[in-house]
Amino acid sequence: RGELACLCCSRFKCGEHVFLVIYCNLLPPGVCNLLNPAAIYANNEISLGDVEIYGFDYDYTLAQYSNLLHSMIFNTARDILIEQFKYPEGLGKYDYIPGFAIRGLHYDVQKSLLMKIDAFHYVQLGTAYRGLKPVPDEEVIELYGGTQHIPLYQMSDFYGKGPSLKQFMDIFSLPEMTLLSSVIDYFITHNIEFDQVHLYKDISDAIRDVHVKGVMYKWIEKDMEQYILHGDEIYAVLNRLVNHKKKLFLITNSPFSFVDKGMKHMVGKNWRDLFDMVIVQADKPNFFTDRRKPFRKLDDKGSLQWDKINQLEKGKIYKEGNLFDFLRLTGWRGSKVLYFGDHLYSDLADLMLRHGWRTGAIVPELETEIRIINTEQYMHSLTWQQALTGLLERMQMYQDAESKQVLLEWMKERQEIRSLTKNLFNPQFGSIFRTFHNPTYFSRRLVRFSDIYMASISCLLNYDVNFTFYPRRTPLQHEAPLWMDQLCTGCMKTPFLEEMVHIR
(Lines give C-alpha, C1' and ligand atoms only; values in the text may rest on other atoms or scores of the structure.)
Protein backbone atom coordinates (compact mmCIF):
# COMPACT_ATOMS: atom_id res chain seq x y z
CA ARG A 1 0.00 0.00 0.00
CA GLY A 2 2.95 2.33 -0.47
CA GLU A 3 5.47 3.55 2.03
CA LEU A 4 5.83 6.52 4.37
CA ALA A 5 8.66 7.75 6.53
CA CYS A 6 7.49 7.25 10.11
CA LEU A 7 6.87 10.63 11.73
CA CYS A 8 8.53 9.43 14.93
CA CYS A 9 11.66 7.61 13.77
CA SER A 10 12.05 8.44 10.03
CA ARG A 11 12.19 4.72 9.18
CA PHE A 12 10.03 3.43 6.34
CA LYS A 13 6.99 1.49 7.52
CA CYS A 14 4.10 -0.19 5.72
CA GLY A 15 0.82 1.63 5.17
CA GLU A 16 -0.89 -0.24 8.01
CA HIS A 17 1.66 1.10 10.50
CA VAL A 18 1.15 4.61 9.13
CA PHE A 19 -2.52 4.40 10.27
CA LEU A 20 -1.43 3.86 13.86
CA VAL A 21 1.35 6.43 13.70
CA ILE A 22 -0.99 9.20 12.56
CA TYR A 23 -3.65 8.18 15.06
CA CYS A 24 -1.20 8.54 17.93
CA ASN A 25 0.22 11.81 16.69
CA LEU A 26 -3.09 13.52 15.95
CA LEU A 27 -4.76 12.82 19.29
CA PRO A 28 -2.73 14.29 22.14
CA PRO A 29 -3.87 13.48 25.69
CA GLY A 30 -6.90 15.41 26.91
CA VAL A 31 -8.35 16.12 23.48
CA CYS A 32 -11.63 14.35 24.34
CA ASN A 33 -14.31 15.82 26.64
CA LEU A 34 -13.71 19.31 25.26
CA LEU A 35 -17.41 20.11 24.77
CA ASN A 36 -19.84 20.72 27.61
CA PRO A 37 -23.38 19.29 27.09
CA ALA A 38 -24.75 21.88 29.54
CA ALA A 39 -23.23 24.86 27.70
CA ILE A 40 -25.05 27.46 25.63
CA TYR A 41 -23.74 27.90 22.09
CA ALA A 42 -23.92 31.22 20.23
CA ASN A 43 -24.66 31.83 16.54
CA ASN A 44 -24.77 35.58 17.11
CA GLU A 45 -23.31 37.92 19.73
CA ILE A 46 -25.86 38.59 22.44
CA SER A 47 -25.59 40.17 25.90
CA LEU A 48 -28.10 38.97 28.47
CA GLY A 49 -27.56 42.25 30.24
CA ASP A 50 -29.48 43.95 27.41
CA VAL A 51 -32.40 41.51 27.67
CA GLU A 52 -35.25 42.83 29.82
CA ILE A 53 -38.00 40.40 28.81
CA TYR A 54 -37.85 36.61 28.55
CA GLY A 55 -40.49 34.68 26.60
CA PHE A 56 -41.03 30.92 26.50
CA ASP A 57 -42.85 28.24 24.59
CA TYR A 58 -44.19 25.43 26.79
CA ASP A 59 -43.89 21.95 25.20
CA TYR A 60 -40.26 20.83 24.86
CA THR A 61 -39.10 24.25 26.08
CA LEU A 62 -40.23 24.68 29.68
CA ALA A 63 -41.65 21.14 29.81
CA GLN A 64 -39.26 18.43 28.65
CA TYR A 65 -40.85 15.01 28.15
CA SER A 66 -39.52 11.48 28.54
CA ASN A 67 -39.23 9.18 25.53
CA LEU A 68 -42.14 7.10 26.82
CA LEU A 69 -44.44 9.76 25.36
CA HIS A 70 -43.33 8.88 21.82
CA SER A 71 -44.38 5.26 22.25
CA MET A 72 -47.79 6.35 23.50
CA ILE A 73 -48.31 8.71 20.53
CA PHE A 74 -47.23 6.01 18.07
CA ASN A 75 -49.48 3.33 19.56
CA THR A 76 -52.54 5.56 19.77
CA ALA A 77 -52.18 6.93 16.21
CA ARG A 78 -51.59 3.39 14.92
CA ASP A 79 -54.83 2.25 16.60
CA ILE A 80 -56.71 5.23 15.13
CA LEU A 81 -55.58 4.14 11.67
CA ILE A 82 -56.88 0.62 12.30
CA GLU A 83 -60.13 1.44 14.10
CA GLN A 84 -61.24 4.67 12.42
CA PHE A 85 -59.46 4.69 9.04
CA LYS A 86 -59.94 0.90 8.59
CA TYR A 87 -56.28 0.16 7.89
CA PRO A 88 -55.19 -3.52 8.06
CA GLU A 89 -55.25 -5.00 11.57
CA GLY A 90 -51.80 -6.45 10.92
CA LEU A 91 -50.39 -2.96 11.64
CA GLY A 92 -51.08 -3.70 15.31
CA LYS A 93 -47.96 -5.87 15.36
CA TYR A 94 -45.76 -2.82 14.80
CA ASP A 95 -44.35 -1.11 17.89
CA TYR A 96 -42.53 2.18 18.20
CA ILE A 97 -38.81 1.91 17.35
CA PRO A 98 -36.87 4.30 19.62
CA GLY A 99 -34.03 5.91 17.72
CA PHE A 100 -35.27 5.00 14.24
CA ALA A 101 -35.77 8.59 13.05
CA ILE A 102 -34.13 11.91 13.89
CA ARG A 103 -35.47 15.44 13.75
CA GLY A 104 -35.09 17.51 10.58
CA LEU A 105 -35.66 14.74 8.02
CA HIS A 106 -37.55 15.33 4.77
CA TYR A 107 -40.30 13.10 3.39
CA ASP A 108 -40.99 12.95 -0.34
CA VAL A 109 -44.70 12.15 -0.45
CA GLN A 110 -44.80 11.01 -4.08
CA LYS A 111 -41.77 8.73 -3.76
CA SER A 112 -42.46 7.54 -0.19
CA LEU A 113 -38.89 8.43 0.76
CA LEU A 114 -37.77 9.57 4.22
CA MET A 115 -34.28 11.06 3.96
CA LYS A 116 -31.72 13.51 5.31
CA ILE A 117 -30.86 16.52 3.17
CA ASP A 118 -27.92 18.85 3.66
CA ALA A 119 -27.78 22.63 3.62
CA PHE A 120 -27.13 22.62 -0.14
CA HIS A 121 -30.25 20.53 -0.93
CA TYR A 122 -28.32 17.27 -1.52
CA VAL A 123 -29.60 13.95 -0.21
CA GLN A 124 -27.02 12.26 2.02
CA LEU A 125 -26.58 8.89 0.36
CA GLY A 126 -27.18 5.99 2.71
CA THR A 127 -29.88 7.91 4.60
CA ALA A 128 -32.88 7.42 2.28
CA TYR A 129 -35.52 4.99 3.56
CA ARG A 130 -38.71 3.63 2.05
CA GLY A 131 -40.56 2.08 4.92
CA LEU A 132 -38.08 0.57 7.35
CA LYS A 133 -35.52 -0.41 4.70
CA PRO A 134 -32.78 1.71 3.12
CA VAL A 135 -33.04 2.55 -0.57
CA PRO A 136 -29.87 1.84 -2.62
CA ASP A 137 -27.90 4.95 -3.56
CA GLU A 138 -28.25 4.18 -7.28
CA GLU A 139 -32.05 4.12 -7.00
CA VAL A 140 -32.13 7.43 -5.10
CA ILE A 141 -30.02 9.10 -7.80
CA GLU A 142 -32.22 7.63 -10.53
CA LEU A 143 -35.40 8.81 -8.79
CA TYR A 144 -34.10 12.39 -8.86
CA GLY A 145 -33.06 12.41 -12.49
CA GLY A 146 -29.46 11.32 -12.12
CA THR A 147 -28.54 13.59 -9.20
CA GLN A 148 -28.66 13.75 -5.40
CA HIS A 149 -29.86 17.34 -5.59
CA ILE A 150 -33.41 18.40 -4.73
CA PRO A 151 -34.47 21.58 -6.60
CA LEU A 152 -35.55 24.59 -4.56
CA TYR A 153 -39.12 24.58 -5.88
CA GLN A 154 -39.63 21.05 -4.49
CA MET A 155 -38.04 21.66 -1.11
CA SER A 156 -40.15 23.70 1.25
CA ASP A 157 -41.62 27.07 1.95
CA PHE A 158 -40.74 29.26 4.93
CA TYR A 159 -42.35 26.76 7.31
CA GLY A 160 -40.91 23.53 5.90
CA LYS A 161 -43.88 22.50 3.74
CA GLY A 162 -43.17 22.19 0.04
CA PRO A 163 -45.33 20.95 -2.85
CA SER A 164 -43.93 17.43 -2.58
CA LEU A 165 -41.52 17.44 0.36
CA LYS A 166 -42.41 17.86 4.04
CA GLN A 167 -39.77 18.56 6.68
CA PHE A 168 -40.28 17.15 10.18
CA MET A 169 -38.92 19.82 12.50
CA ASP A 170 -40.40 19.26 15.96
CA ILE A 171 -39.69 16.52 18.48
CA PHE A 172 -43.33 15.36 18.40
CA SER A 173 -42.70 14.32 14.76
CA LEU A 174 -40.45 11.39 15.77
CA PRO A 175 -43.39 8.99 16.34
CA GLU A 176 -45.06 10.32 13.16
CA MET A 177 -42.02 9.46 11.02
CA THR A 178 -41.77 6.02 12.61
CA LEU A 179 -45.47 5.32 12.06
CA LEU A 180 -45.22 6.50 8.45
CA SER A 181 -42.29 4.16 7.85
CA SER A 182 -44.01 1.26 9.62
CA VAL A 183 -47.22 1.54 7.57
CA ILE A 184 -45.28 1.74 4.30
CA ASP A 185 -43.24 -1.27 5.40
CA TYR A 186 -46.43 -3.26 6.00
CA PHE A 187 -47.95 -2.34 2.62
CA ILE A 188 -44.75 -3.13 0.70
CA THR A 189 -44.16 -6.40 2.58
CA HIS A 190 -47.74 -7.56 1.85
CA ASN A 191 -47.76 -6.27 -1.76
CA ILE A 192 -50.65 -3.90 -1.06
CA GLU A 193 -51.00 -1.02 -3.50
CA PHE A 194 -51.53 2.38 -1.91
CA ASP A 195 -51.83 6.01 -2.89
CA GLN A 196 -48.87 7.87 -1.39
CA VAL A 197 -50.77 11.14 -0.89
CA HIS A 198 -53.72 9.50 0.87
CA LEU A 199 -51.45 7.43 3.11
CA TYR A 200 -49.42 10.46 4.18
CA LYS A 201 -52.57 12.49 4.90
CA ASP A 202 -54.20 9.68 6.89
CA ILE A 203 -51.15 9.27 9.12
CA SER A 204 -50.83 13.04 9.59
CA ASP A 205 -54.50 13.21 10.55
CA ALA A 206 -54.16 10.30 13.00
CA ILE A 207 -51.17 11.96 14.68
CA ARG A 208 -53.02 15.28 14.76
CA ASP A 209 -56.01 13.66 16.46
CA VAL A 210 -53.77 12.46 19.30
CA HIS A 211 -52.88 16.11 19.98
CA VAL A 212 -56.08 17.95 19.05
CA LYS A 213 -58.46 15.62 20.87
CA GLY A 214 -56.43 15.95 24.05
CA VAL A 215 -55.46 12.27 24.40
CA MET A 216 -51.79 13.11 24.91
CA TYR A 217 -52.62 15.75 27.50
CA LYS A 218 -54.54 13.22 29.60
CA TRP A 219 -51.59 10.80 29.71
CA ILE A 220 -49.21 13.50 30.91
CA GLU A 221 -51.64 14.96 33.45
CA LYS A 222 -52.25 11.49 34.89
CA ASP A 223 -48.55 10.77 35.54
CA MET A 224 -46.44 13.93 35.67
CA GLU A 225 -43.52 12.21 37.38
CA GLN A 226 -43.16 9.69 34.56
CA TYR A 227 -43.44 12.10 31.65
CA ILE A 228 -42.02 15.49 32.72
CA LEU A 229 -38.26 15.95 33.23
CA HIS A 230 -36.16 18.66 34.96
CA GLY A 231 -39.04 20.33 36.83
CA ASP A 232 -36.93 21.64 39.72
CA GLU A 233 -34.47 23.26 37.33
CA ILE A 234 -37.24 25.12 35.49
CA TYR A 235 -38.40 26.67 38.76
CA ALA A 236 -34.82 27.72 39.52
CA VAL A 237 -34.44 29.41 36.11
CA LEU A 238 -37.72 31.34 36.28
CA ASN A 239 -37.28 32.36 39.92
CA ARG A 240 -33.76 33.60 39.26
CA LEU A 241 -34.89 35.77 36.35
CA VAL A 242 -37.73 37.31 38.37
CA ASN A 243 -35.34 38.04 41.25
CA HIS A 244 -33.20 40.00 38.77
CA LYS A 245 -36.22 42.13 37.76
CA LYS A 246 -36.75 40.45 34.38
CA LYS A 247 -40.25 40.29 32.89
CA LEU A 248 -41.51 36.86 31.81
CA PHE A 249 -44.20 35.75 29.40
CA LEU A 250 -45.46 32.45 27.98
CA ILE A 251 -46.87 31.85 24.48
CA THR A 252 -47.95 28.28 23.78
CA ASN A 253 -50.32 26.36 21.51
CA SER A 254 -51.31 24.06 24.40
CA PRO A 255 -54.59 24.58 26.34
CA PHE A 256 -54.64 26.32 29.72
CA SER A 257 -55.70 23.33 31.86
CA PHE A 258 -52.78 21.26 30.56
CA VAL A 259 -50.22 24.04 31.00
CA ASP A 260 -51.60 24.91 34.44
CA LYS A 261 -51.20 21.35 35.74
CA GLY A 262 -47.74 20.98 34.26
CA MET A 263 -46.48 24.29 35.66
CA LYS A 264 -47.94 23.53 39.09
CA HIS A 265 -46.02 20.25 39.00
CA MET A 266 -42.72 21.92 38.00
CA VAL A 267 -42.91 25.34 39.61
CA GLY A 268 -45.68 25.30 42.22
CA LYS A 269 -49.29 26.41 42.60
CA ASN A 270 -48.36 30.10 42.39
CA TRP A 271 -46.48 29.73 39.09
CA ARG A 272 -48.57 32.46 37.43
CA ASP A 273 -47.12 35.04 39.83
CA LEU A 274 -43.80 34.66 38.00
CA PHE A 275 -45.25 35.63 34.61
CA ASP A 276 -46.35 39.05 33.38
CA MET A 277 -48.28 37.46 30.51
CA VAL A 278 -49.62 33.97 29.75
CA ILE A 279 -51.09 33.22 26.31
CA VAL A 280 -52.48 29.75 25.51
CA GLN A 281 -53.83 28.13 22.32
CA ALA A 282 -51.95 30.82 20.42
CA ASP A 283 -52.03 28.99 17.07
CA LYS A 284 -48.36 29.54 16.26
CA PRO A 285 -46.95 30.25 13.70
CA ASN A 286 -50.14 32.10 12.63
CA PHE A 287 -49.93 34.05 15.89
CA PHE A 288 -46.83 35.80 14.55
CA THR A 289 -48.18 36.67 11.09
CA ASP A 290 -52.01 36.88 11.17
CA ARG A 291 -53.60 40.06 12.57
CA ARG A 292 -57.19 38.80 12.55
CA LYS A 293 -57.61 36.93 15.85
CA PRO A 294 -58.07 39.20 18.89
CA PHE A 295 -57.10 38.16 22.41
CA ARG A 296 -59.72 36.56 24.64
CA LYS A 297 -59.47 36.42 28.42
CA LEU A 298 -59.96 33.24 30.45
CA ASP A 299 -61.10 33.15 34.06
CA ASP A 300 -59.27 31.14 36.76
CA LYS A 301 -61.16 28.00 35.73
CA GLY A 302 -60.25 28.38 32.08
CA SER A 303 -63.67 29.57 30.90
CA LEU A 304 -63.85 32.20 28.14
CA GLN A 305 -64.75 35.80 28.93
CA TRP A 306 -66.46 38.15 26.48
CA ASP A 307 -64.98 41.56 27.28
CA LYS A 308 -62.84 43.44 24.75
CA ILE A 309 -59.13 43.33 25.57
CA ASN A 310 -57.59 46.81 25.80
CA GLN A 311 -54.66 45.79 28.01
CA LEU A 312 -52.80 42.62 28.94
CA GLU A 313 -52.80 42.29 32.72
CA LYS A 314 -50.27 40.47 34.89
CA GLY A 315 -51.58 37.22 36.30
CA LYS A 316 -54.40 36.89 33.73
CA ILE A 317 -54.69 34.13 31.13
CA TYR A 318 -55.31 34.97 27.47
CA LYS A 319 -56.25 32.79 24.52
CA GLU A 320 -55.39 33.18 20.81
CA GLY A 321 -54.58 36.78 19.84
CA ASN A 322 -51.75 37.87 17.56
CA LEU A 323 -48.27 39.30 17.88
CA PHE A 324 -49.19 42.71 16.43
CA ASP A 325 -51.72 43.35 19.20
CA PHE A 326 -49.22 41.91 21.69
CA LEU A 327 -46.58 44.43 20.60
CA ARG A 328 -49.07 47.28 20.63
CA LEU A 329 -50.35 46.50 24.12
CA THR A 330 -46.97 45.76 25.74
CA GLY A 331 -44.48 47.87 23.80
CA TRP A 332 -42.03 44.95 24.04
CA ARG A 333 -40.00 45.26 20.88
CA GLY A 334 -36.62 44.48 19.42
CA SER A 335 -33.51 43.05 21.02
CA LYS A 336 -34.60 43.61 24.61
CA VAL A 337 -36.86 40.55 24.16
CA LEU A 338 -35.43 36.99 24.13
CA TYR A 339 -37.84 34.18 23.23
CA PHE A 340 -37.11 30.45 23.66
CA GLY A 341 -38.70 27.63 21.67
CA ASP A 342 -37.95 24.21 20.23
CA HIS A 343 -39.52 24.60 16.76
CA LEU A 344 -37.28 26.63 14.46
CA TYR A 345 -40.12 27.61 12.12
CA SER A 346 -43.19 27.90 14.35
CA ASP A 347 -41.41 29.47 17.34
CA LEU A 348 -38.37 31.39 16.16
CA ALA A 349 -38.16 32.27 12.47
CA ASP A 350 -40.77 35.04 12.31
CA LEU A 351 -39.66 36.58 15.60
CA MET A 352 -36.06 36.94 14.44
CA LEU A 353 -36.56 37.89 10.79
CA ARG A 354 -39.74 39.98 10.94
CA HIS A 355 -39.69 41.49 14.43
CA GLY A 356 -36.06 41.68 15.56
CA TRP A 357 -36.47 39.71 18.77
CA ARG A 358 -33.53 37.68 20.04
CA THR A 359 -34.16 33.94 19.94
CA GLY A 360 -32.96 30.85 21.78
CA ALA A 361 -33.46 27.36 20.36
CA ILE A 362 -33.98 24.42 22.70
CA VAL A 363 -32.38 21.32 21.13
CA PRO A 364 -32.58 18.38 23.58
CA GLU A 365 -30.66 16.15 21.13
CA LEU A 366 -27.62 18.37 21.66
CA GLU A 367 -26.77 16.71 24.98
CA THR A 368 -26.56 13.20 23.50
CA GLU A 369 -24.66 14.34 20.41
CA ILE A 370 -22.05 16.21 22.43
CA ARG A 371 -21.48 13.16 24.64
CA ILE A 372 -20.81 11.15 21.48
CA ILE A 373 -18.47 13.82 20.08
CA ASN A 374 -16.51 13.69 23.35
CA THR A 375 -15.78 9.96 23.03
CA GLU A 376 -12.35 8.77 22.00
CA GLN A 377 -13.92 6.59 19.29
CA TYR A 378 -15.52 9.60 17.62
CA MET A 379 -12.38 11.74 17.87
CA HIS A 380 -10.22 8.97 16.41
CA SER A 381 -12.64 8.37 13.55
CA LEU A 382 -13.06 12.05 12.72
CA THR A 383 -9.36 12.85 12.90
CA TRP A 384 -8.29 9.98 10.69
CA GLN A 385 -11.10 10.81 8.27
CA GLN A 386 -9.85 14.40 8.04
CA ALA A 387 -6.27 13.21 7.58
CA LEU A 388 -7.31 10.94 4.72
CA THR A 389 -9.24 13.79 3.13
CA GLY A 390 -6.16 16.01 3.23
CA LEU A 391 -4.01 13.25 1.76
CA LEU A 392 -6.47 12.58 -1.07
CA GLU A 393 -6.63 16.26 -1.93
CA ARG A 394 -2.86 16.71 -2.11
CA MET A 395 -1.86 13.37 -3.62
CA GLN A 396 -4.47 13.12 -6.37
CA MET A 397 -1.94 14.59 -8.84
CA TYR A 398 -0.02 11.29 -8.86
CA GLN A 399 -1.64 9.27 -11.65
CA ASP A 400 0.67 6.27 -12.12
CA ALA A 401 -0.98 2.88 -11.66
CA GLU A 402 0.44 2.21 -8.19
CA SER A 403 -0.55 5.66 -6.90
CA LYS A 404 -4.07 5.32 -8.32
CA GLN A 405 -4.49 2.04 -6.45
CA VAL A 406 -3.42 3.67 -3.17
CA LEU A 407 -5.80 6.58 -3.77
CA LEU A 408 -8.68 4.16 -4.41
CA GLU A 409 -7.93 2.34 -1.17
CA TRP A 410 -7.82 5.63 0.72
CA MET A 411 -11.17 6.65 -0.79
CA LYS A 412 -12.71 3.34 0.23
CA GLU A 413 -11.30 3.62 3.74
CA ARG A 414 -12.50 7.22 4.05
CA GLN A 415 -16.02 6.18 3.08
CA GLU A 416 -15.97 3.34 5.62
CA ILE A 417 -14.88 5.73 8.39
CA ARG A 418 -17.54 8.26 7.40
CA SER A 419 -20.21 5.57 7.69
CA LEU A 420 -18.80 4.47 11.03
CA THR A 421 -18.88 8.06 12.32
CA LYS A 422 -22.47 8.50 11.12
CA ASN A 423 -23.55 5.31 12.88
CA LEU A 424 -22.23 6.55 16.22
CA PHE A 425 -25.15 9.01 16.27
CA ASN A 426 -27.94 7.07 14.55
CA PRO A 427 -27.53 3.94 12.38
CA GLN A 428 -30.13 5.11 9.87
CA PHE A 429 -29.64 8.85 9.58
CA GLY A 430 -26.60 9.93 11.62
CA SER A 431 -26.36 13.32 13.36
CA ILE A 432 -29.15 15.90 13.19
CA PHE A 433 -26.49 18.58 12.69
CA ARG A 434 -24.27 17.13 9.95
CA THR A 435 -24.28 15.02 6.85
CA PHE A 436 -20.86 13.46 6.25
CA HIS A 437 -19.20 16.88 6.06
CA ASN A 438 -21.82 19.56 5.34
CA PRO A 439 -24.32 21.02 7.80
CA THR A 440 -27.78 19.51 7.52
CA TYR A 441 -30.78 21.45 6.29
CA PHE A 442 -31.89 21.50 9.95
CA SER A 443 -28.51 22.79 11.13
CA ARG A 444 -28.42 25.64 8.63
CA ARG A 445 -31.82 26.83 9.82
CA LEU A 446 -30.74 26.52 13.43
CA VAL A 447 -27.98 29.01 12.66
CA ARG A 448 -30.33 31.20 10.64
CA PHE A 449 -33.17 31.47 13.16
CA SER A 450 -31.52 31.37 16.60
CA ASP A 451 -29.04 33.66 18.34
CA ILE A 452 -28.19 30.95 20.87
CA TYR A 453 -29.04 27.27 21.27
CA MET A 454 -28.83 24.78 24.11
CA ALA A 455 -30.05 21.37 25.27
CA SER A 456 -32.52 22.75 27.82
CA ILE A 457 -33.63 25.95 29.55
CA SER A 458 -31.75 24.78 32.66
CA CYS A 459 -28.47 25.62 30.87
CA LEU A 460 -29.18 29.27 31.74
CA LEU A 461 -28.32 28.43 35.36
CA ASN A 462 -24.67 28.05 34.32
CA TYR A 463 -24.36 31.70 33.28
CA ASP A 464 -24.61 35.09 34.96
CA VAL A 465 -27.73 37.08 34.03
CA ASN A 466 -25.46 39.70 32.43
CA PHE A 467 -23.31 37.21 30.52
CA THR A 468 -22.37 38.05 26.93
CA PHE A 469 -22.21 35.21 24.41
CA TYR A 470 -19.58 35.59 21.72
CA PRO A 471 -19.71 33.27 18.70
CA ARG A 472 -16.31 31.92 17.72
CA ARG A 473 -14.84 33.29 14.51
CA THR A 474 -14.81 30.20 12.33
CA PRO A 475 -12.73 30.49 9.15
CA LEU A 476 -14.26 30.73 5.72
CA GLN A 477 -12.79 28.21 3.35
CA HIS A 478 -10.45 30.75 1.75
CA GLU A 479 -9.25 31.82 5.23
CA ALA A 480 -8.51 28.34 6.57
CA PRO A 481 -4.81 27.37 6.68
CA LEU A 482 -3.64 23.93 5.64
CA TRP A 483 -4.93 21.13 7.89
CA MET A 484 -7.17 23.57 9.79
CA ASP A 485 -9.73 20.78 9.99
CA GLN A 486 -7.45 18.96 12.43
CA LEU A 487 -6.75 22.10 14.43
CA CYS A 488 -10.50 22.53 14.80
CA THR A 489 -10.81 19.09 16.36
CA GLY A 490 -8.36 20.14 19.06
CA CYS A 491 -5.35 18.35 17.56
CA MET A 492 -2.42 20.71 17.96
CA LYS A 493 0.21 18.34 16.57
CA THR A 494 -0.26 18.01 12.83
CA PRO A 495 1.71 16.19 10.14
CA PHE A 496 3.34 18.39 7.50
CA LEU A 497 3.04 17.31 3.91
CA GLU A 498 6.77 17.67 3.34
CA GLU A 499 7.18 14.67 5.66
CA MET A 500 4.71 12.68 3.57
CA VAL A 501 6.26 13.05 0.12
CA HIS A 502 7.11 9.34 0.02
CA ILE A 503 3.46 8.35 -0.11
CA ARG A 504 2.47 6.80 -3.46
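All values reported here derive from a predicted model rather than from experimental measurement. (Residues numbered from 1 in each chain as written. Predicted model: local features only at pLDDT ≥ 70, side-chain atom pairs only at ≥ 80, totals over all residues. Heavy atoms only, no water.)

**Things to note about the overall build of the protein**
Within the protein, the secondary structure is distributed over 18 helices and 20 strands. Relative to its 504 residues, the protein shows a buried fraction of 53%. Here the contacts in the protein between residues at least 6 apart in sequence split such that 74% fall between residues at least 24 apart. About 23800 Å² of surface is accessible on the protein, with carbon and sulfur atoms providing 51% of the total. (Helix = DSSP H or I, 4+ residues; strand = E, 2+ residues; numbered from the N terminus. Buried < 20%, exposed > 50% of the residue type's maximum accessible area, 1.4 Å probe, protein only. Contact = heavy atoms within 4.5 Å. Areas by Shrake-Rupley, 256 points an atom, 1.4 Å probe, with all protein chains shown as cover.)

**Re the sheet that holds strand 3 (residues 41-42)**
Strands sit in the order 3-19-18-17-5-13-14-16-15 across an open sheet of nine strands; the sheet is mixed. Only two strands of the sheet have a single partner each, and these edge strands are strand 3 and strand 15 (295-298). Taken together, the four bridges between strand 17 (residues 337-341) and strand 18 (residues 358-362) define a ladder with parallel strand orientation. Bridged to Phe 340 within strand 18 is Gly 360. (Pairing = 2+ DSSP bridges.)

**A few points about the sheet that holds strand 11 (residues 165-167)**
The antiparallel open sheet is built from five strands, whose spatial order is 10-9-8-7-11. Both edges of this open sheet fall to strand 10 (133-134) and strand 11, since each of them pairs with a single strand only. Bridge analysis of strand 8 (residues 113-117) against strand 9 (residues 123-130) gives three bridges, and the strand direction is antiparallel. Bridge pairing links Leu 114 to Tyr 129 in strand 9.

**Re the nonpolar core**
Proteins that are soluble and globular tend to have nonpolar side chains buried together. Membership of the largest hydrophobic core comes to 133 residues, with the highest contact counts inside it found for Phe 56, Tyr 58, Phe 275 and Phe 326. For this core, the element with the most residues is helix 5 (residues 173-189), which contributes eight residues. Not counting chain neighbours up to four residues away, the residues in contact with Phe 56 comprise Leu 62, Leu 238, Leu 241, Leu 248, Phe 249, Leu 250, Ile 251, Phe 275, Tyr 339, Phe 340 and Ile 457. Counting 10 residues, the second largest nonpolar core, distinct from the first, contains Leu 392, Met 395, Leu 407 and Ile 417. (Core = buried A, V, L, I, M, F, W, Y, C linked by side-chain atoms within 4.5 Å.)

**So, the packing of aromatic side chains**
Considering all chains together, one arrives at 34 aromatic pairs under this definition. Judged by centre distance (5.9 Å) and plane angle (35 degrees), the rings of Tyr 41 and Tyr 453 are tilted. Of the two residues, Tyr 41 sits in strand 3 while Tyr 453 sits in strand 19 (residues 452-454), which places them 412 residues apart along the sequence. In this structure an aromatic cluster arises from ring pairing among Tyr 87, Tyr 94, Tyr 186, Phe 187 and Phe 194. Sitting over the face of the ring of Trp 306, Arg 296 holds its NZ or CZ atom 4.5 Å from the ring centroid. It is Arg 444 that lies over the ring of Phe 120; its NZ or CZ is 5.5 Å from the centre. (Phe/Tyr/Trp six-rings, centres within 6.5 Å; stacked < 30°, edge-to-face > 60°. Lys NZ or Arg CZ within 6 Å of the ring centre and 35° of its normal.)

**Here's the deal with the UniProt feature "binding site: GMP" (unreviewed entry) in the protein**
As recorded in UniProt, the sites labelled "binding site: GMP" (unreviewed entry) are Asp 59. As for its placement among the helices and strands, Asp 59 is situated in the loop between strand 5 (53-56) and strand 6 (64-65). Non-local contacts of Asp 59, meaning those with residues more than four positions away in its chain, are made with Tyr 65, Phe 172, Thr 252, Ser 254, Phe 258 and Asp 342. (UniProt positions renumbered as here; feature names shortened; annotations may be inferred.)

**A short note on the pattern of salt bridges**
Counted by the stated rule, this structure contains 22 salt bridges. In this structure, Lys 133 engages Asp 185 in a salt bridge whose closest nitrogen and oxygen atoms are separated by 3.2 Å. Residue Lys 133 is located in strand 10, and its partner Asp 185 is located in helix 5; the two are separated by 52 residues in the primary sequence. Residue class for Asp 185 comes out buried when judged on its relative accessible area of 10%. When salt bridges that share partners are traced, they join Lys 201, Asp 205, Arg 208, Asp 209 and Lys 213 into one network. (Salt bridge = Lys/Arg side-chain N within 4 Å of Asp/Glu carboxyl O.)

**Considerations on the environment of Glu 52**
Relative to the elements of secondary structure, Glu 52 occurs in the loop between strand 4 (46-47) and strand 5. Given a relative accessible area of 44%, Glu 52 falls into the partly exposed group. Each C-alpha atom of the pair Glu 52 and Val 337 lies 6.3 Å from the other, and the pair is 285 residues apart in sequence. When near neighbours in sequence (up to four residues on either side) are disregarded, Glu 52 contacts Lys 246, Lys 247 and Lys 336.

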